[in-house]
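Read off the chains here:
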Amino acid sequence: MSVEAEKKGLGGTLFERLADLCGDVVMSILTVQYRMHELIMNWSSKELYNSKITAHPSVVAHMLSDLKNRDKAYWNSLPSFTKFTLG
């Protein structure tokens, strides 16, 4: 954000301005997500959403190898991501 834009009142997003004007009347958090495996989703839920986000049962444990019309041997042969921890 440029200093000039900030001075002209463009320092916040449309959603931030709406929240400031209307508060909780227009705000809510969606707590169920339908795209990520639970192990992937847990980080963002904890770090960004106070652990309020959960994975829907339809995706909670889905894997690439579960995709229909795909060769499971191919998916299982791909390199996997390793979880790194600090400290």
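In what follows, the structure referred to is the one given above.
Analysis parameters
- Residues numbered from 1 in each chain as written.
- Predicted model: local features only at pLDDT ≥ 70, side-chain atom pairs only at ≥ 80, totals over all residues.
- Heavy atoms only, no water.
- Helix = DSSP H or I, 4+ residues; strand = E, 2+ residues; numbered from the N terminus.
- Buried < 20%, exposed > 50% of the residue type's maximum accessible area, 1.4 Å probe, protein only.
- Contact = heavy atoms within 4.5 Å.

Caption draft 1: Molecular detail of the overall build of the protein chain. Across its full length, the protein chain holds 4 helices and 2 strands. The helix and strand sequence of the protein chain, counted from the amino end, reads α-α-β-α-β-α. Here the protein chain holds 87 residues, and 14% of them are scored as buried.

Caption draft 2: Summary view of unusual backbone geometry. Not every positive phi belongs to a glycine, and Asn50 is a case in point at roughly 55°. Position of Asn50 among the secondary structure elements: in the loop between α3 (38-49) and β2 (54-55). Even without being glycine, Ser51 reaches a positive phi, approximately 60°. Checked against the element boundaries, Ser51 lands in the loop between α3 and β2.

Caption draft 3: Region of interest: the environment of Leu18. Topologically, Leu18 is positioned in helix α2 (residues 14-22). Classification of Leu18 by relative accessible area gives partly exposed; the value is 38%. Setting aside residues up to four positions removed in sequence, Leu18 forms contacts with Gly23 and Val26.

Interpretation note: all reported values are geometric properties and have no functional meaning in isolation.
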